[in-house]
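One-letter residues, chain by chain:
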Amino acid sequence: MIILANLLFIQYVSCKKFLDENATPKKIIPSKVEDLQGLLDDEQVLNQRSPKAMALSADEYYLTDNDWAKLPETERRMYIWEKERLFEKGANNDWGNIYNNVNVANIVLTYIDKVNGTLEELKNVKGQALFMRAQALLQAAFIWTSVYDEHNATIAFGIPLRSDADLNKKIYRATLKQTYTQVLEDLKLAAELLPMQPKHVVRASKPAAYALLGRAYMGMQDYENMGVYADLCLQFKNTLLDYNTLDVGPVTQFPFAPRLSNGEIIFGSSIVSTPALNISYAKVSPELYNSYSENDLRKKVLFKDNNNGTFGFRGSYAGTISLFSGIATNEVYLMRAEYYARQGITHAAMEDLHRILEKRFVAGTFTPLTAHSPGEALKLVLKERRKELILSGLRWIDLKRLNKDGASIELKRTVNGKTYVLPPNDLRYALPIPEDEIKLTGMEQNP
């Protein structure tokens, strides 16, 4: 990973022509804010390689025995929640992709005070780098740490926290408390620096930082702050797409073009491509598919009929066959609705839920849902959260936090006649760190 990051830095700055062709790595010094923006604008690397582990491990899809057998060994093992060897060796796994983003962000933050640019440009680029680092670290926390618990967060394992561009420094695992504190600090500063409207949704913005803060607090089960930041985001970005306006045909992609032009998107990123999650392999869980009523347009818009009794997911907001891992207003409305329900403000929770559902049902057919108590409202919100955010990677953290609250959701998969089970709160919800990274750094492995 360290070698890759160094090579990436050389490659980035070389392609931006910071210096002549014969420049050595030591002489490659960015001088303009545009140079740093160029590092952050490598969308193919920084926005299209979100981790696949969360989506692979969750309960929204299944594979046939034949398709499972075609997968790389590491993905076969991840599908059945094996305890080790879940990540291929080298830098091109989830760990390497996440920490590459951290390293690029740190390079930008190292040089941001040493380059020329207007104050607004410098603030914007610094904010983007802080957002990128926080997003990457939060993804890592969702994958490789146990669910957040305030009672043991000061001693529980977190993840390595790199805060500068010196890749020779020995890394170690911070505590869970330190991990989330770093994420929150980065995002709060990013929210101060970023513009309200980015030039493109692959760049971060103030609403994106607020929304990601809401997601981070959700992972911590700090639902009051989750609601505060979800509301802040929605004050500035609250567009919802009316599914009645979509032209639903036989295409495999979400029926909206051009890519990432969906008005709900606040920040655009996608999960790295993998055979297991491809529409031709992954079959949507029948229980999940059947939870959509006939007048619910999501049943037609989000899924492709395989003409054999199974259905594939084609509802990615990425606008490609890759799965969307970014931030959109539907998620933010659901966070605020969950906050209201947990606070006992039932009518407000249902209002937010209805705002989404009115855009998802055939025009004139939606009947408002009824909740007679905050508990009923919360159940409805969580049910719609699962249906609305399917295969975005968020189900994994939802399983972790909801099981901690007593949801008792047990996962089962059957391969070649053998049933594999992941019980609630199992230690395997914190995936093992890649073995080669453990050997290289000497970090503690997850139990």
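Please refer to the structure placed before this passage.
Residues numbered from 1 in each chain as written. Predicted model: local features only at pLDDT ≥ 70, side-chain atom pairs only at ≥ 80, totals over all residues. Heavy atoms only, no water.

J.: What am I meant to see in the overall build of the chain here?
T.: From N to C terminus, the chain includes 18 helices and ten strands. In terms of overall dimensions, the chain is globule-like: its C-alpha atoms have a radius of gyration of 22 Å, near the 22 Å expected for 447 residues. Across its three principal directions, the C-alpha atoms of the chain cover 65 × 50 × 50 Å. Burial analysis of the chain (447 residues in total) assigns 58% to the buried set. Sequence-distant contacts in the chain: of pairs separated by 6 or more residues, those separated by 24 or more amount to 71%. Carbon and sulfur atoms make up 51% of the accessible area of the chain, which amounts to about 19,100 Å² in all. Here the chain contributes 54 positively and 53 negatively charged side chains, and the mean placements of these two sets differ by 2 Å. (Helix = DSSP H or I, 4+ residues; strand = E, 2+ residues; numbered from the N terminus. Rg over C-alpha atoms; globule rule 2.2 N^0.38 Å. Buried < 20%, exposed > 50% of the residue type's maximum accessible area, 1.4 Å probe, protein only. Contact = heavy atoms within 4.5 Å. Areas by Shrake-Rupley, 256 points an atom, 1.4 Å probe, with all protein chains shown as cover. Lys, Arg positive; Asp, Glu negative; His and termini not counted. Charge placed at Lys NZ, Arg CZ, Asp CG, Glu CD.)

J.: Would you explain the packing of helix α10 (residues 206–219) against helix α14 (residues 329–342) in this entry?
T.: A packed helix pair is summarised by two numbers, namely the angle formed by the two axes and the spacing between the axes. Here α10 crosses α14 at 50°, and the two axes come no closer than 10 Å. As far as their axial angle goes, α14 and α10 are oblique. With respect to the hand of their crossing, α10 and α14 are arranged in left-handed fashion. Facing A211, G214 and R215 of α10, the residues of α14 in contact are E331, V332 and M335. Residues that form the contact of α10 with α14 fall into these classes: three nonpolar, one polar and two charged. (Axes fitted to C-alpha atoms, helices over the stretch in contact; angles between N-to-C directions. Parallel < 35°, antiparallel > 145°, perpendicular 65-115°, else oblique. Left-handed = near helix turned anticlockwise from the far one by under 90°. Nonpolar A, V, L, I, M, F, W, Y, C, P; charged D, E, K, R; others polar.)

J.: What is the right way to look at the environment of T441 in this model?
T.: Within the secondary structure, T441 is located in helix α18 (residues 435–441). Accessibility expressed as a relative area gives 12% for T441, which makes it buried. The spatial distance from the C-alpha of T441 to the C-alpha of L109 is 24 Å, given a sequence separation of 332 residues. Contact partners of T441, with chain neighbours within four places excluded, come to K170 and I171.

J.: Can you help me understand the environment of L138 in this one?
T.: You can see L138 is positioned in helix α8 (residues 119–144). Using a relative accessible area of 2% as the deciding quantity, one classes L138 as buried. Separated by 77 residues in the primary sequence, L138 and R215 have C-alpha atoms spaced 9.0 Å apart. Those residues within four positions of L138 in sequence are excluded, and the remaining contacts are Y180, V183, L212, R215 and A216.

J.: Sorry if this is basic, but what is going on with helix α17 (residues 394–404) here?
T.: In terms of burial, α17 is a largely internal element, ten of the eleven residues being buried. Within α17, the full set of buried residues consists of L394, R395, W396, I397, D398, L399, K400, R401, L402 and N403. Downstream of α17 by one or two residues, G406 has phi in the positive range, about 100°.

J.: When you look at the packing of aromatic side chains in this model, what are you seeing that I'm missing?
T.: Think of a pair of aromatic rings as described by two things: how far the centres are apart, and how the planes are tilted against each other in angle. Under the counting rule described, the total for this entry stands at 19 aromatic pairs. Judged by centre distance (5.1 Å) and plane angle (75°), the ring pair of Y148 and Y180 falls under edge-to-face. On the criterion of sequence distance, the pair formed by Y148 in the loop between α8 and β2 (157–160) and Y180 in helix α9 (residues 176–193) is long-range, its members being 32 residues apart. Between F361 and F366, the ring centres sit 5.2 Å apart and the planes meet at 55°, which makes this aromatic pair tilted. With respect to burial, F361 and F366 carry one shared label: buried. A connected cluster of aromatic rings, assembled from ring pairs, spans Y289, Y292, F303, F311 and F313. The side chain of K387 reaches across the aromatic face of Y292, ending 5.3 Å from its centre. Over the ring of Y61 we find R413, and its NZ or CZ is 4.9 Å from the ring centre. (Phe/Tyr/Trp six-rings, centres within 6.5 Å; stacked < 30°, edge-to-face > 60°. Lys NZ or Arg CZ within 6 Å of the ring centre and 35° of its normal.)

J.: Is there a simple way to explain the nonpolar core in this structure?
T.: One broad rule of soluble globular proteins: the nonpolar side chains tend to lie buried together. In terms of nonpolar packing, the biggest core is built from 147 residues, with F131 and W144 touching the most fellow members. Beyond its immediate sequence surroundings of up to four residues, F131 is in contact with L187, A190, L194, A204, A208, A209, L212, F267 and I327. (Core = buried A, V, L, I, M, F, W, Y, C linked by side-chain atoms within 4.5 Å.)

J.: Would you explain the packing of α8 against α10 in this entry?
T.: With their axes 11 Å apart at the nearest point, α8 and α10 run at an angle of 20° to one another. For the element pair α8 / α10, the angle class is roughly parallel. Considering the relative orientation of α8 and α10, their crossing is left-handed. Note on element contacts: α10 touches α8 through A208, A209, L212, R215, A216 and G219, opposite F131, Q135, L138 and F142. Within the contact of α8 with α10, the residues separate by chemical class into seven nonpolar, two polar and one charged.

Purely geometric stuff here, so don't read any function into it on its own.
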